[in-house]
Amino acid sequence: MIGITSVYFQGNMVVPTSYPIAGHIPYWMLDRFGFLEDCANSKTQIIELKLGKPAYLLNNHEDIKYVLETNYTSYSKNARLSDRQGKRLFGEGIQTQYGSEHRQQRRQVQPAFMRRTIASFAPQIVRAVEDRLSSWNSQAEISIVREITQLVNCVLGQVLFGLNFARQDSAFGNAILRRRRQVNEQFGLRIPFTRFLKIGRNSLDSQTLQQMEEKVERMIRERHRNPLQYCDLLSTLVQLRSENNNPISNKQLRDEVLATTGGYETIAAVVIWTIYSLAQHPQVEDNFSREISQIIGNRLPTA
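Note that the coordinates shown come from a computational prediction; the quantities given were computed from them, not determined experimentally.

About the criteria used
Residues numbered from 1 in each chain as written. Predicted model: local features only at pLDDT ≥ 70, side-chain atom pairs only at ≥ 80, totals over all residues. Heavy atoms only, no water. Pairing = 2+ DSSP bridges. Helix = DSSP H or I, 4+ residues; strand = E, 2+ residues; numbered from the N terminus. Core = buried A, V, L, I, M, F, W, Y, C linked by side-chain atoms within 4.5 Å. Buried < 20%, exposed > 50% of the residue type's maximum accessible area, 1.4 Å probe, protein only. Contact = heavy atoms within 4.5 Å. pLDDT = per-residue confidence, 0-100. Salt bridge = Lys/Arg side-chain N within 4 Å of Asp/Glu carboxyl O. Axes fitted to C-alpha atoms, helices over the stretch in contact; angles between N-to-C directions. Parallel < 35°, antiparallel > 145°, perpendicular 65-115°, else oblique. Left-handed = near helix turned anticlockwise from the far one by under 90°. Nonpolar A, V, L, I, M, F, W, Y, C, P; charged D, E, K, R; others polar. Phe/Tyr/Trp six-rings, centres within 6.5 Å; stacked < 30°, edge-to-face > 60°. Lys NZ or Arg CZ within 6 Å of the ring centre and 35° of its normal.

1. Description of the pairing of strand 3 (residues 54-58)
Here is step 1 of the chain: As judged from the 5 bridges shared by strand 2 (residues 46-50) and strand 3, these two strands associate in the antiparallel manner. Across the sheet, isoleucine 46 pairs through a bridge with leucine 58, a residue of strand 3.
Here is step 2 of the chain: Connecting strand 2 to the antiparallel partner strand 3 that follows it, the hairpin turn spans 3 residues, and glycine 52 within it adopts a positive phi of roughly 105°.

Shown next as structure tokens:
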């Protein structure tokens, strides 16, 4: 999610075959993963993707390093983070900031993501997994995509807010899933005029987001009143102080924690594809199960 302000690339730029006016959009709409795989397999180092606005696929690790590490100050974040809908979704947290403001906010919240802090959430994660496993019947067929997505969302609820999305707080959990869909649409391919077909749903999404913000703000106030009563990431963030020893504002806390709710999808994808890959390689799966039994035994896992 970057926009080019200054650029130097090694290698030659080769533009793949594209349609007049439509560019690469037909490929993207019909089979985006196949299209990107074909681009990557072409061995072309830099490919211009004609998807409405200039976009580039980098296949060379040195070019990727140049953009993300060596010369990252020459690039800005995607404008969709800061347009009207982007600000509505992300506020003014770390995700939307860059430069000195990003560094300052990152230093403020970094202690909440230290290894020791994250390891302290292991009991909540184990409880969420145990709760989900207890609902499975070993003789029944399940949708692993739906189950793992729901499981990771429940883990997120426990770690971030100390909430049980599988039971009394399911409405808030569903709202997080709806917000993630909004994020996907914000950074997805935009086809002219389709936004007019979503006017009713956009109103519902806006209402959902407002309800989420209000609930998170209530939880922040509660943790200010009773800082030692909770053991979750939100409580940890509330107790952080800035460099001049002032508490982080409630608005920034709200923006940071709502931005963090988007992390469940990538974790779920890793777990789902791991399960799929193990199912394709029974010998590896057997070795994996045996190793778990040797290390864990009958006890519950720890961090």
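On we go.
2. Section: the nonpolar core
Here is step 1 of the chain: Among the nonpolar cores identified, the biggest contains 35 residues, and Phe161, Phe172 and Val216 are the most heavily contacted of them.
Here is step 2 of the chain: Of all the elements in the fold, those that place two or more residues in this core are helix 7 (144-161), helix 8 (170-186), helix 9 (199-225), helix 10 (233-238), helix 11 (250-260) and helix 12 (264-280).
Here is step 3 of the chain: In terms of residue count, the dominant contributor to this core is helix 7 (9 residues).
Here is step 4 of the chain: Every residue in contact with phenylalanine 172, bar those within four places of it in the chain, is listed here: Phe161, Leu163, Phe165, Met212, Lys215, Val216 and Met219.
Here is step 5 of the chain: In terms of nonpolar packing, the next biggest core, distinct from the first, is built from 7 residues, Trp28, Phe35, Leu49 and Leu57 among them.

3. With respect to the confidence of the model for the chain
Here is step 1 of the chain: Of the residues in the chain, 88% have a pLDDT of 70 or more, and the chain-wide mean is 81.
Here is step 2 of the chain: Element-level pLDDT for the chain is lowest in strand 1 (residues 2-4), with a mean of 41, against a maximum mean of 95 in helix 13 (residues 282-296).
Here is step 3 of the chain: Contacts from residues 1-14, a stretch scored under 50 in pLDDT, to residues over four places away or in other chains number 42 contacts.

4. Let's talk about the pattern of salt bridges
Pairing is possible between side chains of opposite charge, provided their charged atoms come close.
Here is step 1 of the chain: All chains considered together, the criterion is met by 7 salt bridges.
Here is step 2 of the chain: Between arginine 132 and glutamate 147 there is a salt bridge, and its shortest N-O distance comes to 3.1 Å. With arginine 132 in helix 6 (residues 122-133) and glutamate 147 in helix 7, this residue pair connects regions lying 15 residues apart in the sequence. Grouping residues by exposure puts arginine 132 and glutamate 147 together as buried.
Here is step 3 of the chain: Counted as one network, the salt bridges with shared partners bring together Glu217, Lys251, Arg254 and Asp255.

5. A few points about unusual backbone geometry
Peptide bonds are mostly trans, and most non-glycine residues show a negative phi.
Here is step 1 of the chain: One non-glycine residue, isoleucine 21, lies in the positive phi region at around 65°.
Here is step 2 of the chain: In this structure isoleucine 21 comes out as exposed when scored by relative accessible area, which is 92%.

6. What to know about the environment of glutamate 214
Here is step 1 of the chain: Tracing the chain through its elements places glutamate 214 in helix 9.
Here is step 2 of the chain: Relative accessible area serves as the criterion here: at 35%, glutamate 214 is assigned to the partly exposed category.
Here is step 3 of the chain: Residues glutamate 214 and arginine 254 lie 40 residues apart in sequence; the distance between their C-alpha atoms is 9.2 Å.

7. Some words on helix 11
Here is step 1 of the chain: Counting buried residues in helix 11 gives 8 out of 11 residues, a clear majority hidden from the surface.
Here is step 2 of the chain: The set of residues buried in helix 11 consists of Gln252, Leu253, Arg254, Asp255, Glu256, Val257, Leu258 and Ala259.

8. Considering the packing of helix 7 against helix 12
Here is step 1 of the chain: Packing of helix 7 against helix 12 leaves a shortest axis separation of 9 Å and a crossing angle of 140°. Comparing their axes, helix 12 and helix 7 come out oblique. Note that helix 7 runs across helix 12; the crossing there is right-handed. Contacts between helix 7 and helix 12 involve Ile144, Val145, Ile148, Thr149, Val152, Asn153 and Leu156 from the former and Tyr264, Ile267, Ala268, Val271, Ile272 and Ile275 from the latter.
Here is step 2 of the chain: A per-class count over the contact of helix 7 with helix 12 returns 11 nonpolar, 2 polar and no charged.

9. Looking at the packing of aromatic side chains
Here is step 1 of the chain: The tally for this structure, following the rule as stated, stands at 5 aromatic pairs.
Here is step 2 of the chain: Aromatic pair tyrosine 19 and tyrosine 27: ring centres 5.7 Å apart, planes at 35°, arrangement tilted.
Here is step 3 of the chain: Centroid distance phenylalanine 161 to phenylalanine 172: 5.3 Å. Interplanar angle 75°. Geometry classified as edge-to-face. In this pair, phenylalanine 161 sits in helix 7 while phenylalanine 172 sits in helix 8, placing the two residues 11 residues apart along the sequence. You'll find phenylalanine 161 and phenylalanine 172 in the same group, each marked buried.
Here is step 4 of the chain: One residue, lysine 215, lies across the ring of phenylalanine 172, its end atom 5.7 Å from the ring centre.
Here is step 5 of the chain: Over the ring of tyrosine 230 we find arginine 223; its NZ or CZ atom is 4.0 Å from the centre of that ring.

10. Quick notes on the side chain of asparagine 164
Here is step 1 of the chain: Mapped onto the fold, asparagine 164 is located in the loop between helix 7 and helix 8.
Here is step 2 of the chain: Relative accessible area serves as the criterion here: at 17%, asparagine 164 is assigned to the buried category.

11. Let's talk about the side chain of glutamate 222
Here is step 1 of the chain: Among the secondary structure elements, glutamate 222 is positioned in helix 9.
Here is step 2 of the chain: Excluding residues that lie within four positions of it along the chain, glutamate 222 makes contacts with Gln229 and Tyr230.

12. Some points on the environment of tyrosine 264
Here is step 1 of the chain: Along the chain, tyrosine 264 turns up in helix 12.
Here is step 2 of the chain: Classification of tyrosine 264 as buried rests on a relative accessible area of 5%.
Here is step 3 of the chain: Sequence-wise, tyrosine 264 and cysteine 154 are 110 residues apart; in three dimensions their C-alpha atoms are separated by 9.2 Å.
Here is step 4 of the chain: Setting aside anything within four residues of it in sequence, one finds tyrosine 264 in contact with Thr149, Val152, Asn153, Leu156, Leu177 and Arg180.

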